[in-house]
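Architecture at a glance
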Amino acid sequence: MSITVKNVSLPRGKSWIDNTYVIPVFKGLMLTFRHLFKRKDVLRYPEEKKVLPPNYRGLHMLTRDDQGREKCVACEMCSTACPADCIRIVAGDGGWEDSREKHPVEFEIDELRCIFCGMCVEACPEDAIDMTDMHNLADYTREDFIYNKERLLGVYDEYIKRHPDHAKRRDGVFKKMMNSSYFTVSDVEKAKHGTGH
Amino acid sequence: MPLIKIDDQELEIAKGETIFNAAKRIGIEIPYYCYHPGLKIVASCRMCLVDMVGAPKPVPACSTTVMDMPEARKVDGKYDAVISTTNERVLTARKAVLEFILLNHPIDCPICDKAGECKLQDYSYEHGNHDSRFIETKRIPEKKDLGPSIFLYTSRCIMCSRCVRFTQEITGTEELKVRNRGWHSEIDVAPGHPLDNKMMGNVVDLCPVGCLIDKHERFEGRVWNFVHTESVCPGCSKGCNTVLDTMKHQKLNLEELVDTVYRVRPRENMEVNQWWICDDGRYLLEGNKDRKRLHFPQIRVNGSMAEVSWKASLEAAAEKIKAGGKVVFVGSPYASNEENYLLGKLAKAVGAGVDVSKPLMGEMHTFKTEMNKYPFTIESEKAPNFRGAKDVLGLSSSNEEASLSAQTVVMLGNDHLNLQKKPSTLIAIASFENAVSKLADVVLPAAIFTETSGTFTNKDGRVQKFNKAVQSPGEAKAVWQILVDLAQALGQDFYYESVGAITKEMTEQISVYKTVDVSALFAETSWVDENIIA
């Protein structure tokens, strides 16, 4: 295809008043001015922060049991379920006397590879991996985004200070979601047949 | 010949053939725990219950045979037995049996190494109840240390007694016993007599649940991540068929991709090893973990070894071979037929002599019991391919001492050889740092049997193929590739696309190997798990 020249004319307004641009500029400023007195739709982040719902899918954490040990038993269900293949676990012996004999020696999540789908949380049979409301991750190198076991446990310690009732809160939200009409089977059926909503 | 009907299929069965085997023959699967083709039938798990017309209650398929009925008692006028494996009565029975088995089972699948290949999981999913009606406290006995390599997770046991029968019938050592009765029965060893024999690893494969766990494999990886490769055990001249379970282990930073053989399992071959392998073969690769692998080619410069490129090392080797004097190429009973054949061909092309080193000799061990039809023998010749090496090199015996006195010696992977006196020039193709590689002038790093393909000829002359399962570390190459490169460095016109091409040429050149069917040997074999742990 050869390159050709196409002449375009400047778009003109309907009348000569529009073409002076004086009136339209005032019209625009009026709109801006009106919004000064309206209800504000945005938060002044980072001074103001939104309280995120407890089922928000942010940074992962490894939860602890009542004795302060990690709940994880290194069953590798999360790494099996992970569609992004970003979890690596090396299992080890927790000791012959310990009631939980299998535990993770290494547990790594690559937060850059993670797509935050929450499948790992769904798959976990021990409620050992969970997600927090932390989403403002920033670091200097790619390696810094590979969170190891100690770091993930640290995330839990930090998160649980802010939300001591996390488990209860999250379960409550799920229960509310389950009970809401939005998720009932009848509504889905109704929507299918075009009678609902 | 009794005529029977299983579900909707008619078939004639031999006298003494069980319903279980007949059903298996026509492709009907009956669940089982305690049955094993190599062991005596006890019908203790009751999982294989089937419904038989005329029988007052469901009968175990694994132990029930059918006889010719008198005309008047035949069902529908012609069948000696009519069996259903899927009717309501059978399904209810299976459900009930599973519920009983699971009464005391801890259901600790997340930490159980059997999870993923556990018959209890499979059948619970297929036939069982989702919930238990058992509201009392479960009896959870302590786990036990049975011996040098086996743990017993007593609580997971379902009392199929396969392991007990194995030590009674196959090894004859009788370490394992069922202790106590009924609700309290558990597998145990007598005090002071741990489970310690040369075949004890097999009880782990035999266990249908995760009760017997190998200490070497404990927590090493989840079974669904394993890739299975058919192989042959190089431990002795018996040539047991094995499966190598490997897994790619990737570090998250993508820099390191390591694949390792996590475990070795027996593969059924009724002519060679039946269903078993010995522990010497099973833990053979465990022993290699502590040894130093050779990763890069080395040449001796001013008395000390220096790592160089492949090109430099091959040129150095070619120069030394061309230098003159008596040259001998020494084959190895540890290398495959193809590698030895190529070595022989190269030696012939450059006008050098050939020889094969002696295999390591050890103790011969036979497990003989009255009940075992196939006594298992661990051969005294601790090399997989002495017979094959002799065949393809055209030798009748090893002439090791004489060859080592030659001026230039090219050695093919001789790990066990305790070389005292060094020939004036020594070129070693070796995998591990050993006595030969330490004395050598040129070291060419080679792959071990898990990292390449080829064939071994066992003591009976059976040619068996082993397959590549993992990648070689560093710059190590398969021996046949090294030999082709060396031949090219020596100005020979050697070219092979793959191991199969060498095998094909070998079977054409070596008269005794003419009958070997290469296409069958190298055909893609597919197998189901059922054939390995039957």
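Residues numbered from 1 in each chain as written. Chains lettered and ligands numbered in written order. Predicted model: local features only at pLDDT ≥ 70, side-chain atom pairs only at ≥ 80, totals over all residues. Heavy atoms only, no water.

1. Let's talk about the overall build of chain A
Helices and strands together make up the secondary structure of chain A, namely seven helices and five strands. Counting helices and strands in the order they occur from the N terminus, chain A gives α-α-β-α-β-β-α-β-β-α-α-α. By residue count, 30% of the 197 residues in chain A fall in the buried class. Put simply, 65% of the contacts in chain A that link residues at least 6 apart link residues at least 24 apart. (Helix = DSSP H or I, 4+ residues; strand = E, 2+ residues; numbered from the N terminus. Buried < 20%, exposed > 50% of the residue type's maximum accessible area, 1.4 Å probe, protein only. Contact = heavy atoms within 4.5 Å.)

2. A word on the packing of helix α8 (residues 310-322) of chain B against helix α13 (residues 479-489) of chain B
All names here are of chain B. Two numbers describe how α8 lies on α13: the axes approach to 9 Å, and their chain directions differ by 60°. What the angle tells us is that α8 and α13 run oblique. The crossing of α8 and α13 is right-handed. On α13, the residues touching W310, L314, A317, A318, I321 and K322 of α8 are I482, D485, L486 and A489. (Axes fitted to C-alpha atoms, helices over the stretch in contact; angles between N-to-C directions. Parallel < 35°, antiparallel > 145°, perpendicular 65-115°, else oblique. Left-handed = near helix turned anticlockwise from the far one by under 90°.)

3. Structural notes on the interface of chain A and chain B
Taken together, the contact pairs 23 residues of chain A with 18 residues of chain B. When the two sides are added together, the surface that chain A and chain B hide from each other amounts to roughly 1,800 Å², 58% of it contributed by carbon and sulfur. For the interface between chain A and chain B, the tally reads three salt bridges. Taking the shortest distance from any N to any O, the salt bridge between K143 of chain B and E101 of chain A comes out at 2.8 Å. Taken together, the connections running from chain A to chain B amount to six residue pairs in polar contact (both at pLDDT 80 or more). If you list the elements that add at least two residues to the side of chain A that touches chain B, you get α3 (77-81), β2 (87-93) and β3 (102-110) of chain A. When residues in the side of chain A that touches chain B are grouped by element, the largest group, six residues, is from β2 of chain A. Each residue belonging to the side of chain A that touches chain B can be placed in one class, and the counts come to eleven nonpolar, two polar and ten charged. (Buried area = accessible area lost by both parts, 1.4 Å probe. Salt bridge = Lys/Arg side-chain N within 4 Å of Asp/Glu carboxyl O. Polar contact = N/O pair within 3.5 Å; in protein donor to acceptor, adjacent residues only side chain to side chain. Nonpolar A, V, L, I, M, F, W, Y, C, P; charged D, E, K, R; others polar.)

4. Things to note about the pairing of strand β5 (residues 81-84) of chain B
All names here are of chain B. Burial of the side chains of β5 extends over both faces: A81 and I83 are buried on one face and V82 and S84 on the other. One ladder, built from two bridges, connects strand β3 (residues 49-52) with β5; its direction is antiparallel. Pairing of D51 across the sheet is with S84, part of β5. (Pairing = 2+ DSSP bridges.)

5. Description of the nonpolar core
All names here are of chain B. Core analysis: the largest hydrophobic core is formed by 79 residues, its most contacted members being I4, I6, Y33, L176, V203 and W276. Sequence-distant contacts of Y33, defined by excluding residues within four places in its chain, comprise C45, M47, L98, I101, K119, L120, Y123, I158, C160, R162 and P208. In this structure, I321, V356, F494 and Y513 belong to the second largest nonpolar core, which totals 47 residues. (Core = buried A, V, L, I, M, F, W, Y, C linked by side-chain atoms within 4.5 Å.)

6. Structural notes on the layout of surface pockets
All names here are of chain B. Its boundaries defined by the atoms lining it, the largest pocket holds a volume of some 770 Å³. The wall of the largest pocket is formed by 41 residues, among which P234, L284, Y334, D415 and F449 lie closest to the centre. Mapped by element, the contributors of at least two residues to the lining of the largest pocket are α6 (279-282), α7 (284-288), β19 (376-378) and β21 (425-430). When residues in the lining of the largest pocket are grouped by element, the largest group, three residues, is from β19. Taken together, the residues of the lining of the largest pocket sort by class into 23 nonpolar, twelve polar and six charged. (1 Å grid on protein atoms, 1.4 Å probe; cavity = no way out; pocket = protein on both sides within 12 Å on 5 of 7 lines; lining within 4 Å. Points joined across faces, edges and corners; volume = space filled by probe spheres on them.)

7. A closer look at helix α10 (residues 386-393) of chain B
Residues and elements named next belong to chain B. Burial runs high along α10: six of the eight residues are buried. Of the residues making up α10, those classed as buried are F386, G388, A389, K390, V392 and L393. Downstream of α10 by one or two residues, G394 has phi in the positive range, about 70°.

8. Focus on the pattern of salt bridges
Evaluation of the coordinates by the stated rule reveals 42 salt bridges over all chains. Note that D65 of chain A is salt-bridged to R69 of chain A, the shortest N-O span being 3.2 Å. Residue class for R69 of chain A comes out partly exposed when judged on its relative accessible area of 21%. Here E70 of chain A and K149 of chain A are joined by a salt bridge, their closest N and O atoms 3.4 Å apart. You can see E70 of chain A sitting in the loop between β1 (60-62) and α3 and its partner K149 of chain A sitting in helix α5 (residues 149-162), a full 79 residues away along the chain. A relative accessible area of 9% means that K149 of chain A is categorised as buried. What emerges from the salt-bridge pattern is a single network uniting R139, K144, R179, E186 and D188 of chain B.

9. Points about the packing of helix α9 (residues 337-349) of chain B against helix α14 (residues 499-509) of chain B
All names here are of chain B. Direction vectors running N to C along α9 and α14 enclose 65°, while the axes themselves pass 9 Å from each other. When the axes of α9 and α14 are compared, the pair comes out roughly perpendicular. In this structure, α9 meets α14 at a crossing whose hand is left-handed. Here α9 contributes N337, E338, Y341, L342 and K345 to the contact with α14, which in turn contributes V499, I502, T503, E505, M506 and Q509. Here the residues of the contact of α9 with α14 are counted per class, giving five nonpolar, three polar and three charged.

10. Overview of the sheet that holds strand β5 (residues 146-147) of chain A
Residue and element names in this part refer to chain A. Read across the open sheet, the three strands follow the order β2-β3-β5; overall the sheet is antiparallel. The open sheet has two edge strands with one neighbour each: β2 and β5. Taken together, the seven bridges between β2 and β3 define a ladder with antiparallel strand orientation. Bridge pairing links G92 to H103 in β3.

11. Concerning the sheet that holds strand β22 (residues 442-445) of chain B
All names here are of chain B. The seven strands are arranged β15-β14-β22-β21-β20-β16-β17 in an open sheet whose pairing can be described as mixed. Looking at which strands have only one partner, the edges of the open sheet turn out to be β15 (304-307) and β17 (353-356). Each strand of the sheet is rotated relative to its neighbour by a mean of 20°, with strand direction disregarded. Both strand β14 (residues 298-301) and β22 contribute to a ladder of two bridges, which runs antiparallel. Its bridge partner lying in β22, I299 is registered against V442. The sheet strands contacting α8 are β14, β16 (327-331), β20 (408-412), β21 and β22, and the helix crosses β22 at an angle near 130°. Sheet contacts for α9: β16, β17 and β20; angle to β16, the most-contacted strand, approximately 170°.

12. Details of unusual backbone geometry
Residues other than glycine predominantly adopt negative phi, and peptide bonds predominantly adopt the trans conformation. Geometrically, the link from Y45 of chain A to P46 of chain A is a cis peptide bond, its omega value of 5° lying close to zero. Following the sequence through the fold, P46 of chain A ends up in the loop between α2 (22-35) and β1. One non-glycine residue with positive phi stands out, namely E174 of chain B, at about 55°.

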